[in-house]
Amino acid sequence: MTQATPMDVPELAQMATPPAPGDDPQPAQQARPFFILYLDGPEYVEELRRLSSWVEDLLLPVYGGEVTSSSPWCPRWREHPEAIAYLHGLWLAWQERTGPQAQASDPATWHQSYLWPTMEALRNPNGPFAGCKPGSHRPKERPKVEEDDFRDW
């Protein structure tokens, strides 16, 4: 059985290499942070689409493992902002550590320093997917913040 590599999936091959710093068409003073939580509108939607391709075509088939109560995964992971943030950071690190500029040991570093800590945090029974089960999504209730005059000072 041969396993597909990221370069075998055209959309993943495009995502494998982040743009070079000089490829940004915006001047440096107008550049915004690239992290997905700083994006909005069509930029956010496009980045989430690209992230979804990587998560569903590479990450989960290779590293997903079995879903259990002690290692949950939500089928609607895109509805968990915390999971999106974790996965986007993991994907950015993957691009850096597996792209053409990567050193021979970078994939091992990605596994040890990025993949396993991120997957452990995401799939922790108390993590972002707590209460979610195969075929079932449970929205999380976020902490409430009381209104006060602090921001008006």
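Within every chain, residues take consecutive numbers counted from 1 along the sequence as written. With the structure being a predicted model, the display of local features is reserved for residues of pLDDT at least 70 and the display and counting of side-chain atom pairs for 80 or more, all residues being used for whole-chain, interface and lining totals. Excluding hydrogens and water, the side-chain figures rest on all heavy atoms present in the structure.

**Quick notes on the side chain of Ser-52**
Phase 1 of the analysis: We count a stretch as a helix when DSSP gives it H or I for four or more residues in a row; a strand needs E for two or more, and each element gets its number in order from the N terminus. Considering the arrangement of structural elements, one finds Ser-52 in helix H2 (residues 41–63).
Phase 2 of the analysis: Excluding its chain neighbours within four sequence positions, the residues that come into contact with Ser-52 are Asp-57, Trp-77 and Arg-78. Contact definition: two residues touch when any of their heavy atoms are within 4.5 Å.

**Overview of helix H4 (residues 106–122)**
Phase 1 of the analysis: Over its 17 residues, H4 extends 22 Å from the first C-alpha to the last, a length consistent with the 24 Å expected when each residue adds 1.5 Å.
Phase 2 of the analysis: For H4, the full list of buried residues reads Asp-106, Trp-110, Leu-115, Thr-118, Met-119 and Leu-122.
Phase 3 of the analysis: Where the residues of H4 are buried, they touch H2 and helix H3 (81–98). Any helix carries an expected span of 1.5 Å times its number of residues minus one. Summary of the burial criterion: residues with accessible area below 20% of their type's maximum are buried, those above 50% are exposed, and those between are partly exposed, where the area comes from a 1.4 Å probe applied to protein chains only.

**Side note on the confidence of the model for the chain**
The predicted coordinates of low-pLDDT regions are not to be read in fine detail.
Phase 1 of the analysis: In the predicted model, the chain carries a mean pLDDT of 82, and 78% of its residues have values of at least 70.
Phase 2 of the analysis: pLDDT expresses, on a scale from 0 to 100, how confident the predictor is about each individual residue. Note that residues 1–29 has pLDDT below 50 and, in this model, 31 contacts with residues that lie over four places away or in other chains.

**What to know about the side chain of His-137**
Phase 1 of the analysis: As for its position among the elements, His-137 is in the segment after H4.
Phase 2 of the analysis: Given the relative accessible area of 16%, His-137 is considered buried.
Phase 3 of the analysis: By the criterion applied in these results, polar contacts are pairs of N or O atoms within 3.5 Å in which, for protein atoms, one can donate a hydrogen and the other can accept it, and in which residues neighboring in sequence qualify only through two side-chain atoms. A polar atom in the side chain of His-137 sits 3.3 Å from the side chain of Glu-79.
Phase 4 of the analysis: At 3.2 Å, the side chain of His-137 forms a polar contact with the side chain of His-80.
Phase 5 of the analysis: Those residues in contact with His-137 that lie beyond four places of it in its chain are Cys-74, Arg-76, Glu-79, His-80 and Cys-132.

**A closer look at the environment of Trp-91**
Phase 1 of the analysis: With respect to the secondary-structure elements, Trp-91 resides in helix H3.
Phase 2 of the analysis: Here the alpha-carbon distance between Trp-91 and Leu-51, two residues 40 residues apart in the chain, equals 7.2 Å.

**Examining the pattern of salt bridges**
Side chains that carry opposite charge are capable of pairing whenever their charged atoms lie near each other.
Phase 1 of the analysis: Any Lys or Arg side-chain nitrogen located within 4 Å of an Asp or Glu carboxyl oxygen qualifies as a salt bridge. Applying the stated criterion to the full structure yields 6 salt bridges.
Phase 2 of the analysis: Arg-49 is paired through a salt bridge with Glu-46; the nearest N and O atoms lie 2.6 Å apart. In this pair, Arg-49 and Glu-46 both sit in helix H2, 3 residues apart, roughly one turn of the helix.
Phase 3 of the analysis: Using a relative accessible area of 38% as the deciding quantity, one classes Arg-49 as partly exposed.

**Digging into the packing of H2 against H4**
Phase 1 of the analysis: Between H2 and H4, whose axes approach to 13 Å, the crossing angle comes to 95°. Considering their axes alone, H2 and H4 lie roughly perpendicular with respect to each other. Each of Trp-54, Leu-59 and Tyr-63 in H2 lies in contact with H4, whose residues at this interface are Trp-110, His-111, Leu-115, Trp-116 and Met-119.
Phase 2 of the analysis: Partitioning the contact of H2 with H4 into residue classes produces 7 nonpolar, 1 polar and no charged. All axes are obtained by fitting lines to C-alpha atoms, using only the stretch in contact for helices, and the reported angles, taken between N-to-C directions, cover 0 to 180 degrees. Working definition: roughly parallel below 35 degrees, roughly antiparallel above 145 degrees, roughly perpendicular at 65 to 115 degrees, and oblique for all remaining angles. Residues are grouped as follows: Ala, Val, Leu, Ile, Met, Phe, Trp, Tyr, Cys and Pro are nonpolar; Asp, Glu, Lys and Arg are charged; all remaining types, including Gly, are polar.

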